[in-house]
Amino acid sequence: MGRTGIYACGESVSRRNSLESVALFSLKQEAPASIGGSTFTYYIDITKIIKYYTLHIEKINKAEATVPSDTVLLLFLFCKVICVIKGECHMAAKKSSFDKVLNAWDVLVIAFGAMIGWAWVVSTGDWITGGGVLGAMLGFAIGGVMIFFVGLTYAELTSAMPQCGGEHVFSYKAMGPVGSFICTWMIVLGYVSVVCFEACALPTILVYLFPDFLMGYLYTIGGFDIYATWLAAAVIIAVAITAINIIGAKTAARLQTILTAIIGGVGIVFVAASVLTGSTANLDGQLFMGATTSEMAKGTLAIAVMTPFYFIGFDVIPQAAEEISVSLQKIGRILILSIVLAVLFYALIIFGVGYVMNNSEIAVAMKGVGGLVTADAMAVAFGSSMMAKVLIIGGLCGVVTSWNSFLIGGSRAMYSMAESYMIPHTFAKLHDKYKTPVNALLLIGVLSIVALFFGRKMLVWVVDAGNFGGCMAYCMVSISFLLLRKKAPDMVRPYKVRHYKFVGAMAVLMSAFMVVMYIVPGSGAALAPQEWGMVAGWSLLGVIFGVYCKAKYGERFATHIDVAMDTEVREAALPSSELKTVKL
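Rules behind the numbers
- Residue positions are given per chain, counted from 1 along the sequence in the order it is written.
- Confidence filtering applies because this is a predicted model: local features only for residues at pLDDT of at least 70, side-chain atom pairs given and counted only at 80 or more, and all residues used for totals across whole chains, interfaces and linings.
- As a rule here, side-chain values come from all non-hydrogen atoms in the structure, and water together with hydrogens is ignored.
- Counting from the N terminus, the helices are the DSSP runs of H or I reaching at least four residues and the strands are the DSSP runs of E reaching at least two.
- Only protein chains enter the calculation, and the probe is 1.4 Å; a residue is then buried if its accessible area is under 20% of its type maximum, exposed if over 50%, and partly exposed in between.
- When checking whether two residues touch, look at their non-hydrogen atoms; a contact exists if any pair is within 4.5 Å.
- Computed by Shrake-Rupley with a 1.4 Å probe, the accessible areas treat only the displayed protein chains as cover when residues are assessed.
- Among buried residues, the Ala, Val, Leu, Ile, Met, Phe, Trp, Tyr and Cys ones that are joined through side-chain atoms within 4.5 Å form a nonpolar core.
- Every patch collects residues that have over 30% relative accessible area and no salt bridge, joining them within 9 Å if they carry like charges and within 5 Å if they are nonpolar side chains (Val, Leu, Ile, Met, Phe, Trp, Tyr).
- Any carboxyl oxygen of Asp or Glu within 4 Å of a side-chain nitrogen of Lys or Arg constitutes a salt bridge here.
- We call Phe, Tyr and Trp rings a pair once their centres come within 6.5 Å, taking the six-membered ring for Trp, and we label the pair stacked below 30 degrees between planes, edge-to-face above 60, and tilted otherwise.
- Think of pLDDT as the predictor's per-residue confidence, scored from 0 to 100.
- Strands are labelled as partners when DSSP assigns at least two bridges between them.
- In this analysis, axes come from line fits to C-alpha atoms, helices being fitted only over the stretch in contact, and the angle between any two N-to-C directions falls in the range 0 to 180 degrees.
- If an angle is under 35 degrees, it is roughly parallel; if it is over 145, roughly antiparallel; if it lies from 65 to 115, roughly perpendicular; otherwise it is oblique.
- Left-handed describes a crossing whose near helix is turned anticlockwise from the far helix by less than a right angle; the clockwise case is right-handed.
- Charged residues are taken to be Asp, Glu, Lys and Arg, nonpolar residues to be Ala, Val, Leu, Ile, Met, Phe, Trp, Tyr, Cys and Pro, and polar residues to be all remaining types, Gly included.
- Multiplying 1.5 Å by the residue count of a helix minus one yields the expected span of that helix.
- Two cysteine sulfurs form what is called a disulfide whenever their separation falls within 2.5 Å.

## Looking at the overall build of the chain
Reasoning step 1: Secondary structure summary: the chain contains 20 helices and 10 strands in total.
Reasoning step 2: The proportion of buried residues among the 584 residues of the chain is 56%.
Reasoning step 3: Across the chain, contacts joining residues at least 24 apart in sequence account for 78% of those joining residues at least 6 apart.
Reasoning step 4: Accessible surface, the chain: about 23700 Å² in total, of which carbon and sulfur atoms supply 66%.

Okay, here's the thing in structure tokens:
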């Protein structure tokens, strides 16, 4: 065997932290005499490099090399890999186990669908009576700007580290294992809580469509009556959605596309009908709420404060990053686009309701069954009660899209934690055929079924606790964004945010503000004692998992392995000037 040397595409040793996600290297060696003794260069991924040196360790030790014969130390730039120490092979990069099946449209509808749930059907009256039509629209625009800054940090970090788990990877690189555990565990709480809540909300919506649906009274819990038909429908739907996600991310994305198209179609039809049949006279007295300018401003800001909670869900994109087949730069743009579309959707729905119904009609609709003001507005716009049910179907689709998206996000977040041995490694198991985190999906699916037996009141507590967890994770990701700009300034960022100090500071302030709103009594979003109990219980479960996994897995606990990027993705992300060969 001839003289062997390791070469890498990228930066110098002094900047080896800049491209930690990269696992593409050039191995240059003299070809065997049987091939003619020519010299050639070829690209292979890191797993092949490690396998090569593991199989030929004895030959390498005998060859003319610059490494000790008893300890072979291979320092790979960008990945900081130390392998083959005293015969053992430790690698910090691996090939992704997921199939890249999600295209740009799939990614967009998953993120958008996560943010558009049931609130646009049931809460529009509260928004208008609280801030007025124009005030509520302005409030959502302000809230959109608040979450936009957080979205920008996600866009950059996702393009730079396109790995399953999103927040888990970002916070691990910036804060280490402890910060990563807290951040990811909190976002999992957010995802699981929404899945459980939507599982309860969907069969409840069926009651609006079919008043005689409830049969076979079973019991009452927290003032909520449980019926056999309601429970059976909820369980069947929960099993079906979980099964769809196990079958594959692409299958779940197809479902998401169909349902999002229905939501968009219903929304467009409603807004168009409102414009054609509504009147500016209906806006009199409800453009803003309040007798003075200060009261109007206060009402608008009150809406703005709560709106970021309706945009939670765009962060499911980084959770499924390894399954996305579009360019890294485009991923960031899609993430931002999803936020903009959600803001526009909510604002237009508010306008449509206010343009077709005056404030007294809205007040009457809010006292009706379920307070479905938007559905009543649809009926007024078309002069038909049947169209109210059409809009409710659109809202039902919104429930399923949120459910579906958060199931995707929650299962991938759990998978990433299990891959790092922070929770039992069984949750890192992928389905042999469909390449989905089957055990994580099954667990969340079972939890959603169990939650049904506790009624809707308890699930409201669960989802509020989950929103707190999500906002806390947002804050930690925003901080990670700033830390990584300092710790890894040369990291390849296909979607690079300009004026990062301002953007990062605004993201931290906005997300921290949302967290504070949940903590401060009287803020309007402060958690109830029962909700704090759920946060404490979830945190305790995390501690138990941490202690158990530390004892069981030892040194493997809280370890992280980067995922190697594909050659074409890597080369597209790097400027041509960085594609140079550097010899170790």
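## Regarding the nonpolar core
Reasoning step 1: W120, W230 and F314 are the most contacted members of the largest nonpolar core, which has 171 residues in total.
Reasoning step 2: Tallying contributions element by element places helix α7 (residues 167-209) first for this core, with 24 residues.
Reasoning step 3: Aside from chain neighbours lying at most four places away, what touches W120 is W127, I263, V266, F345, Y346, I349, T374, L391, G394 and G395.

## Side note on a nonpolar patch on the surface
Reasoning step 1: There is a patch of nonpolar side chains on the surface, built from L337, V340, L341, L344 and L348 and spanning about 380 Å² of accessible area.
Reasoning step 2: In this fold, L344 is placed in helix α12 (residues 328-356).

## Topic: the packing of aromatic side chains
Reasoning step 1: Under the counting rule described, the total for this entry stands at 28 aromatic pairs.
Reasoning step 2: With a centroid separation of 6.1 Å and an interplanar angle of 90°, the aromatic rings of F468 and Y518 are classed as edge-to-face. Of this pair, F468 sits in helix α17 (residues 455-487) while Y518 sits in helix α18 (residues 500-519), placing them 50 residues apart in sequence. Exposure class is identical for F468 and Y518. Each is buried.
Reasoning step 3: An aromatic cluster of three or more residues is present, and its members are F112, W120, W127, F140, Y310, F311, F345 and Y346.

## A closer look at unusual backbone geometry
Reasoning step 1: Of note, Y421 is a non-glycine position whose phi angle comes to about 60°, a positive value.
Reasoning step 2: Relative to the assigned elements, Y421 resides in the loop between α15 (386-419) and α16 (438-452).
Reasoning step 3: Given a relative accessible area of 15%, Y421 falls into the buried group.

## Details of the confidence of the model for the chain
The predicted coordinates ought not to be read in detail in places where the model reports low pLDDT.
Reasoning step 1: Counting all residues, the mean pLDDT for the chain is 80, and 79% of those residues have values of 70 or more.
Reasoning step 2: Of the regions scoring below 50 in pLDDT, residues 1-92 engages in 180 contacts with residues more than four places distant in sequence or in other chains.
Reasoning step 3: Low pLDDT (under 50) marks residues 567-584, which in the prediction has 38 contacts with non-local residues, meaning those over four places away or in another chain.

## Considerations on the pairing of strand β7 (residues 217-221)
Reasoning step 1: Summarising the sheet, β7 and strand β8 (residues 224-227) pair through four bridges and their orientation is antiparallel. Bridged to I221 within β8 is F224.
Reasoning step 2: The loop that links β7 with its antiparallel partner β8 comprises two residues; one of these, G222, has a positive phi angle of about 60°.

## What to know about the pattern of salt bridges
Reasoning step 1: Summed over the entire model, instances satisfying the criterion amount to five salt bridges.
Reasoning step 2: Residue K429 pairs with D432 through a salt bridge whose shortest N-O separation is 4.0 Å.
Reasoning step 3: What makes K429 partly exposed here is its relative accessible area of 39%.
Reasoning step 4: When salt bridges with common partners are traced through the structure, they connect E156, R485 and R493 into a single cluster.

## Some thoughts on the packing of helix α8 (residues 228-247) against α15
Packed helix pairs are specified by the crossing angle of their axes together with the interaxial distance, meaning the distance between the axes.
Reasoning step 1: Following both chains from N to C, one finds α8 and α15 inclined at 50°, their axes separated by 10 Å at the closest point. Judged on the interaxial angle alone, α15 and α8 are oblique. Taken as a pair, α8 and α15 cross one another with a handedness that is right-handed. Seen from α8, the contacting residues are I237, A238, I241, T242 and N245; seen from α15, they are V400, W403, N404, L407 and I408.
Reasoning step 2: A per-class count over the contact of α8 with α15 returns seven nonpolar, three polar and no charged.

## Topic: the packing of α8 against α16
Reasoning step 1: At a minimum axis distance of 10 Å, the contact between α8 and α16 shows a crossing angle of 170°. Taken together, α8 and α16 sit at an angle that is classed as roughly antiparallel. Across the interface between the two elements, W230, L231, A234, V235, A238, V239, T242, N245 and I246 of α8 pack against V438, L441, L442, G445, S448, I449 and L452 of α16.
Reasoning step 2: Split by residue class, the contact of α8 with α16 holds 12 nonpolar, four polar and no charged.

## Topic: the environment of E295
Reasoning step 1: Turning to its location among the elements, E295 is positioned in helix α10 (residues 293-306).
Reasoning step 2: Its relative accessible area of 40% is what places E295 among the partly exposed residues.
Reasoning step 3: As a C-alpha pair, E295 and G131 span 164 residues in sequence and 9.3 Å in three-dimensional space.

## What about the side chain of Q256?
Reasoning step 1: In this structure, Q256 sits in helix α9 (residues 249-277).
Reasoning step 2: A relative accessible area of 0% means that Q256 is categorised as buried.
Reasoning step 3: For Q256, the residues in contact, after removing those within four places along its chain, are V109, I110, G113, A114, T401, N404 and S405.

## Quick look at helix α6 (residues 133-160)
An α-helical segment advances 3.6 residues per turn. Residues three or four places apart therefore align on the same side.
Reasoning step 1: Its 28 residues place the ends of α6 40 Å apart at the C-alpha level, agreeing with the 40 Å of an ideal helix rising 1.5 Å per residue.
Reasoning step 2: With 21 of 28 residues buried, α6 is to be regarded as a mostly interior element.

## Notes on the environment of W105
Reasoning step 1: With respect to the secondary-structure elements, W105 resides in helix α3 (residues 104-115).
Reasoning step 2: Sequence separation between W105 and T257 is 152 residues; the distance between their C-alpha atoms is 8.1 Å.

## Section: the side chain of T242
Reasoning step 1: Structurally, the position occupied by T242 is in helix α8.
Reasoning step 2: On the basis of relative accessible area, T242 is assigned to the buried category, the value being 8%.
Reasoning step 3: Apart from residues lying up to four places away in sequence, T242 is in contact with L407, L441 and G445.

## Details of the state of the cysteines
Reasoning step 1: Per the counting criterion, the structure on display carries zero disulfides.
Reasoning step 2: Between C196, a cysteine without a disulfide, and C200, which holds the nearest cysteine sulfur, the sulfur-to-sulfur distance is 9.9 Å.

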